Every structure is written in C-alpha cells, then in structure tokens.
Amino acid sequence: MSTLQADKTFERSGVSGKLKVVLHDVSGTLLRTLGTIERRGYDYRDVHCTQRVDGDFDLLVQIEDLGGPRNLDTLCKQLERLYNVVSAEKVGRRKHAERA
Amino acid sequence: MSTHPTPTDENKHPALSGAKLLLDSLKVQGVDVIFGYPGGAIMPVYDALVGSGIKHILSRHEQGSAIAAIGYARATGRVGTCLATSGPGATNLVTGIADAYLDSVPLVAITGQVPSDLMGTDAFQEVDIFGITLPIVKHSYIVRDPADIPGLIEEAYYIASEGRPGPVLIDFPKDVANAITTERHRWRPYPKVKPEMGTAKNLAAAEELIRSAKKPLFYIGGGIAQGDGVHELRALVERTQIPVVSTLKGLGALPSDHPNFLGMLGMHGLKAANYAVQEADVLIVAGARFDDRATGKLDTFAPHAKIIHMDIDVAEINKLRKANIGIDGSLKKNLAALNPGKLDIQDWQDLCLGRRDQYEWDYDTPVKNIKSEGVYAPKLLHDLTRHAPENAIITCDVGQHQMWVAQHCYFDDPKDHITSGGLGTMGFGIPAGLGAQLACPDRTVITVTGDGSIMMNIQELATLNRYKIPLKIVLLDNGALGMVRQWQEVFFEENYSEVHLYDNPDFAVLARAFQIDAFTVTKGSEVTAGIEKLLAHKGPILMHVKIDQAENVWPLVPPGRSNADMMER
Ligand SMILES: Cc1ncc(C[n+]2csc(CCOP(=O)(O)OP(=O)(O)O)c2C)c(N)n1
Ligand SMILES: [Mg+2]
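Residues numbered from 1 in each chain as written. Chains lettered and ligands numbered in written order. Predicted model: local features only at pLDDT ≥ 70, side-chain atom pairs only at ≥ 80, totals over all residues. Heavy atoms only, no water.

Trainee: Mind showing me how you'd approach the overall build of chain B here?
Mentor: A tally of regular secondary structure across chain B gives 21 helices and 20 strands. Across its three principal directions, the C-alpha atoms of chain B cover 70 × 65 × 40 Å. Burial status across chain B gives 60% buried among its 569 residues. Carbon and sulfur atoms provide 52% of the accessible area of chain B, an area that totals close to 21700 Å². Across chain B, the centroid of the 53 positively charged side chains sits 3 Å from that of the 67 negatively charged ones. (Helix = DSSP H or I, 4+ residues; strand = E, 2+ residues; numbered from the N terminus. Buried < 20%, exposed > 50% of the residue type's maximum accessible area, 1.4 Å probe, protein only. Areas by Shrake-Rupley, 256 points an atom, 1.4 Å probe, with all protein chains shown as cover. Lys, Arg positive; Asp, Glu negative; His and termini not counted. Charge placed at Lys NZ, Arg CZ, Asp CG, Glu CD.)

Trainee: Could you clarify how one ought to interpret the layout of surface pockets in this entry?
Mentor: Rolled over the atoms, a probe sized like a water molecule indicates the empty space that remains. Residues and elements named next belong to chain B. Here the second largest pocket is characterised by a volume of approximately 550 Å³. Taken together, 23 residues line the second largest pocket, and the ones lying closest to its centre are S256, L270, E360, R386 and Q407. Residue assignment for the lining of the second largest pocket shows that the elements contributing at least two residues are strand 11 (261-264), helix 14 (346-358), helix 15 (377-387) and helix 16 (400-408). Looking at which element gives the most residues to the lining of the second largest pocket, the answer is strand 11, with 4 residues. Among the residues making up the lining of the second largest pocket, the classes are represented as 12 nonpolar, 6 polar and 5 charged. Counting the residues that make up the lining of the second largest pocket, at least three belong to each of domain 2 (200-358) and domain 3 (365-546). (1 Å grid on protein atoms, 1.4 Å probe; cavity = no way out; pocket = protein on both sides within 12 Å on 5 of 7 lines; lining within 4 Å. Points joined across faces, edges and corners; volume = space filled by probe spheres on them. Nonpolar A, V, L, I, M, F, W, Y, C, P; charged D, E, K, R; others polar. Domains from an automatic or database assignment.)

Trainee: Teacher, can you tell me more about the sheet that holds strand 5 (residues 107-113) of chain B here?
Mentor: Either a parallel or an antiparallel arrangement is found when strands of a sheet pair, and the pairing is made through backbone hydrogen bonds. Residue and element names in this part refer to chain B. Taken in spatial order, the 6 strands line up as 3-2-4-5-7-6 in an open sheet, and their pairing is parallel. Edge strands, defined here as strands with exactly one partner in the open sheet, are strand 3 (55-58) and strand 6 (139-142). Here the strands of the sheet are splayed against their neighbours by 20° on average, with no regard to which way each runs. In this sheet, strand 3 lies alongside strand 2 (residues 33-36) in parallel orientation, the contact comprising 4 bridges. Looking at strand 3, one finds that I34 is bridged to H56. Along the sheet, helix 4 (residues 88-102) contacts strand 4 (80-84), strand 5 and strand 7 (167-173); its crossing angle with strand 5, the most-contacted strand, is approximately 165°. (Pairing = 2+ DSSP bridges. Axes fitted to C-alpha atoms, helices over the stretch in contact; angles between N-to-C directions. Contact = heavy atoms within 4.5 Å.)

Trainee: Sorry, what's going on with the interface of chain B and chain A here?
Mentor: When the parts of a complex come together, some accessible area is lost, and that lost area is often taken as the interface size. Each partner contributes residues to the interface: chain B has 23 residues there, and chain A has 16 residues. For the pair chain B and chain A, the two sides together bury roughly 1700 Å², of which 51% comes from carbon and sulfur. Three residues stand out in chain B for area buried against chain A, namely L134, A315 and K319 of chain B, and they jointly supply 25% of the buried area on that side. Put simply, R81 of chain A and D313 of chain B hold a salt bridge, and the shortest N to O gap is 2.3 Å. (Buried area = accessible area lost by both parts, 1.4 Å probe. Salt bridge = Lys/Arg side-chain N within 4 Å of Asp/Glu carboxyl O.)

Trainee: What exactly am I supposed to notice about the coordination of the magnesium ion (ligand 2) here?
Mentor: Each donor-metal-donor angle in an ideal tetrahedron of four donors is 109.5 degrees, and each such angle in an ideal octahedron of six donors is either 90 or 180 degrees. Residue and element names in this part refer to chain B. On the protein side, the magnesium ion (ligand 2) has D451 (OD), N478 (OD1) and A480 (O) as donor atoms, found 2.1 to 2.2 Å from it. Positions of the donor residues of the magnesium ion (ligand 2) along the chain correspond to the pattern D-x26-N-x1-A. Here N478 lies in the loop between strand 18 (472-477) and helix 19 (482-491) and D451 lies in the loop between strand 17 (445-450) and helix 18 (460-467), a separation of 27 residues in the sequence. Judged by relative accessible area, which is 8%, N478 ranks as buried. (Donors = N, O, S within 2.8 Å, 3.2 Å for Na, K, Ca; no water.)

Trainee: When you look at the pairing of strand 15 (residues 393-396) of chain B in this model, what are you seeing that I'm missing?
Mentor: Strand residues, when the strand is regular, have side chains that alternate between the two faces of the sheet. Residue and element names in this part refer to chain B. Side chains I393 and T395 of strand 15 all project onto a buried face; the interleaved residues I394 and C396 project onto the opposite face, where all are buried too. By the bridge criterion, 2 bridges tie strand 15 to strand 16 (residues 417-418) in an arrangement that is parallel. Among the inter-strand pairings, T395 is bridged to a residue of strand 16, identified as I418.

Trainee: In this structure, what is going on with the site of ligand 1? I would like to understand it.
Mentor: Residues and elements named next belong to chain B. Taken together, 17 residues lie near ligand 1, and Q400, G424, G452, S453 and G482 sit nearest. In the model, a nitrogen atom of ligand 1 is placed 2.8 Å from a nitrogen or oxygen of the G424 main chain. Between ligand 1 and A480, the relevant distance is 3.0 Å, taken from an oxygen atom to a main-chain nitrogen or oxygen of the residue. Protein chains bury 76% of the 580 Å² of accessible surface belonging to ligand 1 in isolation. Those elements giving two or more residues to the shell around ligand 1 turn out to be helix 16 and helix 19. Partitioned by chemical class, the residues of the shell around ligand 1 number 7 nonpolar, 9 polar and 1 charged. (Near = heavy atom within 4 Å. Polar contact = N/O pair within 3.5 Å; in protein donor to acceptor, adjacent residues only side chain to side chain.)

Trainee: When you look at the nonpolar core in this model, what are you seeing that I'm missing?
Mentor: A general feature of soluble globular proteins is that nonpolar side chains tend to end up buried together. All names here are of chain B. Counting residues in each nonpolar core, the largest one holds 85 residues, and the members touching the most others are Y219, I308, V448 and V474. Broken down by element, the residue count for this core peaks at 5 residues, all from strand 12 (residues 282-286). Two domains each put at least three residues into this core: domain 2 (200-358) and domain 3 (365-546). Ignoring any residue separated from it by four or fewer positions in sequence, one finds V474 in contact with L380, L384, I446, T447, V448, T449, L534, M543 and V545. Judged by nonpolar contacts, the second largest core, of 49 residues, contains V33, I393, F428 and A432. (Core = buried A, V, L, I, M, F, W, Y, C linked by side-chain atoms within 4.5 Å.)

Trainee: What am I meant to see in the environment of W187 of chain B here?
Mentor: Position of W187 of chain B among the secondary structure elements: in the loop between strand 8 (180-184) and helix 8 (200-212). Along the primary structure W187 of chain B and L152 of chain B are separated by 35 residues, whereas in three dimensions their C-alpha atoms are 7.1 Å apart.

Trainee: Mind showing me how you'd approach the pattern of salt bridges here?
Mentor: Opposite charge on two side chains allows them to pair when their charged atoms are near. Enumeration according to the criterion identifies 26 salt bridges over all chains in this entry. Two residues, D565 of chain B and R561 of chain B, come together in a salt bridge whose shortest N-O distance is 3.2 Å. Of the residues examined, R561 of chain B reaches a relative accessible area of 41% and is grouped as partly exposed. Each of R81 of chain A together with R164, D313, E316 and K319 of chain B takes part in salt bridges that share partners, so that together they form one network.

Trainee: When you look at the confidence of the model for chain A in this model, what are you seeing that I'm missing?
Mentor: Reading predicted coordinates in detail is not appropriate for stretches of low pLDDT. Residues with a pLDDT of 70 or more make up 78% of chain A, whose mean pLDDT is 80. Here residues 94-100 of chain A is modelled with pLDDT under 50, and outside its nearest four sequence neighbours on either side it reaches 13 contacts, counting other chains as well. (pLDDT = per-residue confidence, 0-100.)

Trainee: Can you help me understand the domain arrangement of chain B in this one?
Mentor: Residue and element names in this part refer to chain B. Examined at the domain level, chain B breaks down into domain 1 (10-181), domain 2 (200-358) and domain 3 (365-546). With centres defined by C-alpha atoms, the gap from domain 2 to domain 3 works out at 30 Å. At the junction of the two partners, domain 2 supplies 19 residues and domain 3 supplies 17 residues. Counting the surface lost from both domain 2 and domain 3, the interface buries some 1400 Å², and carbon and sulfur atoms represent 66% of this. For domain 2, the biggest contributors to the area lost against domain 3 are L248, L251 and H268; these three give 40% of the whole. Run the count over domain 2 and domain 3 and you get 0 salt bridges. Looking at the side of domain 2 that touches domain 3, its residues break down into 10 nonpolar, 4 polar and 5 charged.

Trainee: I'm lost on unusual backbone geometry in this one. Help?
Mentor: In terms of backbone geometry, most residues other than glycine have negative phi values and most peptide bonds are trans. All names here are of chain B. Residue W554 is joined to P555 through a cis peptide bond whose omega torsion reads -5°. If you check the backbone angles, Q241 has positive phi at about 60° while not being a glycine. Summarising the element assignment, Q241 is placed in the loop between helix 10 (230-240) and strand 10 (244-246). On the basis of relative accessible area, Q241 is assigned to the partly exposed category, the value being 27%. In this structure, N318 takes a positive phi of about 75° despite not being glycine.

Trainee: Would you mind going over helix 2 (residues 29-39) of chain A with me for this structure?
Mentor: Residue and element names in this part refer to chain A. Listed as buried for helix 2 are T29, R32, T33, T36 and I37. For helix 2, the arc enclosing every buried residue in end-on projection is 130°, short of the 170-degree limit, so these residues lie on one face. Note on helix 2: the residue one or two positions beyond its end, G41, has a positive phi of about 100°. (Arc of directions from axis to C-beta.)

The structure is reproduced here in structure tokens:
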C-alpha cells in the first residue's frame, strides 16, 4: 500500500466537481451513467436523482477523480455519448478536493 | 451512415411469437447470416430459425460466433449478428463484445435469457449479461414485451452502425420469445443527432495552421476506414503532399508503397514513422485516438506539434492530448473539405522520405539466430501478400506474428487488414477469417496465426470444414508465446516464465483430424512453393510453418518510454 501511494501515478489530481446529467429514463440508463463515471476514473461523493415535470430525470453527482489524464469535459462528452442521456454538464464552481 | 429512422407505426399483424417477430425484424434490417450456438433459453429462436430464410452458421464455441460476426462486419462495413443462449452461452460472447467495443465494430449480440418471472432468482443458466456487458456495449436492451421487438431491433441496428459504431446487446427472455402477439408498439423517438463541430470556422483555422507549418504530418487510424474516408484521405494527401503515419488499424488507408507513407507508428512502428512524429510541428490526427501503443509515453509524444484532431466521436477530442483545433463529425466530409492549398514543405518531405528509404527493411541480410536454412517470417509475410490477389483479406491473431503482418504485409485497403487492435484478442484470427470469407466468398482470405493463438479457437476448424469455407491459414509456429517471451527476454532478464510451448500438438495432423488439408514448411527454400500451394488450394487449408523462437519483433519501444527510444535487434 505504501509503495502504491509513493508512486506518483496514484496521486489524485484533485479534479473534483459537480455534474448535472439529464436522463431520458432511468431503467438501465442510471446504471449505465453511474458505471461510466466510475469506470472513467472518478469516485462519488454524492448522488441525487429526481424526476422532472417533463418526465426526464435530473441526476446530480459530486465526484472526485482518481488521477491520470482526466478532465470533466471529456467525461461529460462520454456521458452524452450514452443513449438516453440527454445532456451532461459541469455545474457550480470547481473545488479542490481534500487529499486523503 | 444510415439515415435517421422513423418510429415504427403502431399496427396489427397476424399472431406471431416473439421469436418469429425477432427473425422477421432481423430480415427487415437486411440480416442474411447469423453466427450462433443454441441452448435452452434461446430454443424458441432456433425453432423459428428453421425455414426463416436467414442463414445460420453454427460455430463450435460462442466466442467463435462473436468474432466471426466481427470478421463479417469488418470485411463488409455492415452490422454483424451473433446469437447465444443464456448463462455460459452469453458469457462466452463477452470477449467478442469487448473486442467490438474497443475496435468500434458494428455488432448486434442476441442472448437468450431465462423467463422474465425467474430473472433475478439465480435460475438455471441465469446470468445478468445486461449487467456484465454494461461497460463494453454502446447500448443494450432487455426485451420485455414482444410488441416492442420490431422497433427495438430497428433501433439496435441503427445504434450499432451510426456515428462511431459499436456493439449492442439484446437480452431476450424465453417467455417473451414464446409469447404470441398481434401488435407492434410505436417505438419511442430516436435520440437526437448530436451537433457537429466540424464547422467552416474550425476547418478554416485548421487550414491556416497547416499553411503555417514547416513539418506537417498526418497521423491516421481506424476511423478512416470506418468513416468511409479512404478516397478523401488519398485525395487530400495528393493535394498537400503531407507525409503520413498510421496506427495498426489505419494500415491500408494509403497503399503500403504510397510515396507519402512512412509506415506504422508506435511500439512496433517503423523508425521513419516514429522519428517524423517526434519532429512534426503540426500533427493532423484523423480517426485515431492517441492509444498508448501508438504514442508511447504520452507527454513525450509529438512534443513540438500543434494538434488538429478530426474524429466522428467528439469524446475522443481532448481526451488524452489537448487539441489546438478539434473537428468532429464525418471524417469523409471533413477530409474532403480540408483544403489548405499548396504547401512549401519540400525539405520536410525529403527528410521523411529519405529516412523511409534509409531504414527500409532488408529481407536478405542473414538475421541473428536464424539458422541459414530456416524460415524468416517477415520475408514470408512480405512475399505472401505480394503473391496473393490484390483484394485478398488478411486476418490475424495476436502476438509477434501480428506485428510482423502489420510491418511486412502489403495493404491497399484498410478493410483488407482485420486485426484485433484495441483488445488484442488471441484466438481472433480464425473466426474472424471465417466470417470475412463468408461475407466475401469470391475473395482470397488468409489468416495468419501463432501456435499460442490458434489453440484459443482451434475448434473453429470444424466450422470451416462443416461449411467448406476456403480459408487459408498460415500458422507461424515458434513453439512459444513469442511476444511474451520477447518481453521476458528484453525486460525481465531472460527469466522465462510459462512461455515455452514445447508440448504443442502436431498442427498438421490436428488440422487433418478436422478434415482440413495441411502441410508443414521448415526451410526457407520451401516457402515460395508453400505459398503457391496455399493460394492455389480450393478448400480450407493450413500451412504450418516452423520458425525460430529467437526471432523477435523490431523495433520495440519499451513500455512507458518515448517513441524516440526505439530498441533494435
Ligand atoms: C486471450 C489472450 N490471452 C493472453 C494474451 C497475452 N498475449 C499477448 S501475445 C501472447 C503470445 C501469443 O503467442 P502466439 O500466438 O504463439 O504468437 P507469437 O507471439 O508467438 O507470434 C500472449 C499470451 C492475449 N493477448 N490474449
Ligand atoms: Mg508463438
């Protein structure tokens, strides 16, 4: 464990942020969206999903990345690539994550 | 790509089972062949298959079905279709689905599933294949109502082939397959088409940047073939005379001997190609994605270059390397539109092309460790494609032989080179060749495989025999998992660990047991006659070639190092 932490590549870059993802439906799409965020190298800090009046769903997630060459714009585009994801965008100001 | 489909009208039809409706819907999509393997949960579909008019190819392992469908798709550009039962049948498809995901291949995989009311109860042969494949599909479905089938299938084939292609999974519970319906549901509207940023403004900026360049270079990838942009790329290279390097999957977009082509870049790239990238001042990336096998250590890749990145998938732009100009949308259209005018790059061209000639492969110099009478695989492969008909298709497996194919075979169309790039799937070669040969019965299809890889889908020799598919197999047998052996030699101080296949079967005898003709070549002097025999043969045939284990793939960029640090033999 200590050797892992000493390795620079395992240092978190501290990119954190809040994403708002609009889903056309939740069955399947919610799992796909959350799975994509995790697989692309981010950890969750908070997850919220609510249905809107138009029937779509607003998913708000607070995330922190796991290091490496990642950026939230790319993540948003990777989410928008999913079918039934209507849009994905960063919201609010960028905060620096506390280091573990 | 395909036009945006309209939702299916709600209407009635004669009473049909879900299974029959599935096959009818596949026919509407133009599906003429399915690669599959039956079992309990998919039996209603196999029942309906009889007399359906759709050809079914029975593989001998579901992985073979999936990869054969990939071979079919990559040779034709059409969507490949594979079919399996639930549980182990479905999990056996997973490697093929992952392969299609990483190489952006249009594939529809249909799996049987236990009846809906048993789903989630750990029923016999139940696995959550929807969940298992979530990270490796472009999209997936569980069919809940037979009346959804026509719309769902239409959408699935649209999604598999639209934009950047990829695999779509359809999980089909047995009760839905058996249910009788007279209805078809109106399918929900298709997702919006995403806006393109390949606007006139970005194209103009790219042209400006190219005009200002002293050392412009194209770095092209598999997207050229998939985006049907070969013709447009060639015309653009003709207009600008800019030199070109290619990824593994971009090979053939320019003919191997094209005057502007410097070869493959990356870990086993040619020196002229890697040096050009290191020196370029503007890199025009078209249908490629900065894969680590191509870039080496990313922050040393093309260190002096401004980047113009053109890709159909906007999520690739800025993913690994920030682009100065990003152009998404149709590569075909954007390559056709890009017109920087006449460039003054003669010195750069001379330098690049001079290097290409300087480092040209010498097939005649005796190679270290090769006994003088032995077979030199690079020369064999060089000769093979030059003897084969011009439109021959080469599929290959994974290992040293795969890199030799990339380095030494001649390609003049990227669809002629079917290789597992992103996933590097050992066992890919024979089923992919089988699928390609079925799709293109009038063409010569050759599979180049290794003694490790061939054993991973050896059972597909039975499929070749069953359908008399005249695939030509060249087995380069070095008695080892050669690529791993090479790494252990070079990076692990010759600490050889589980790489020697001293106990291989007699491959020619094995092939004959499957009723496939076979012969063995052990001497360099026998190679030409062997190639002629292979190419002249009418049915499936295997040429078993013994080669020296000590022969390695060069150049080699050590992992984690810059492409400038190529090691040589
Ligand atoms: C399914 C799978 N398992 C393991 C690997 C790792 N691997 C890459 S190349 C290779 C050796 C391949 O041996 P062979 O087919 O004989 O080819 P050679 O390198 O000897 O030409 C192995 C084990 C892989 N790519 N795919
Ligand atoms: Mg081998």
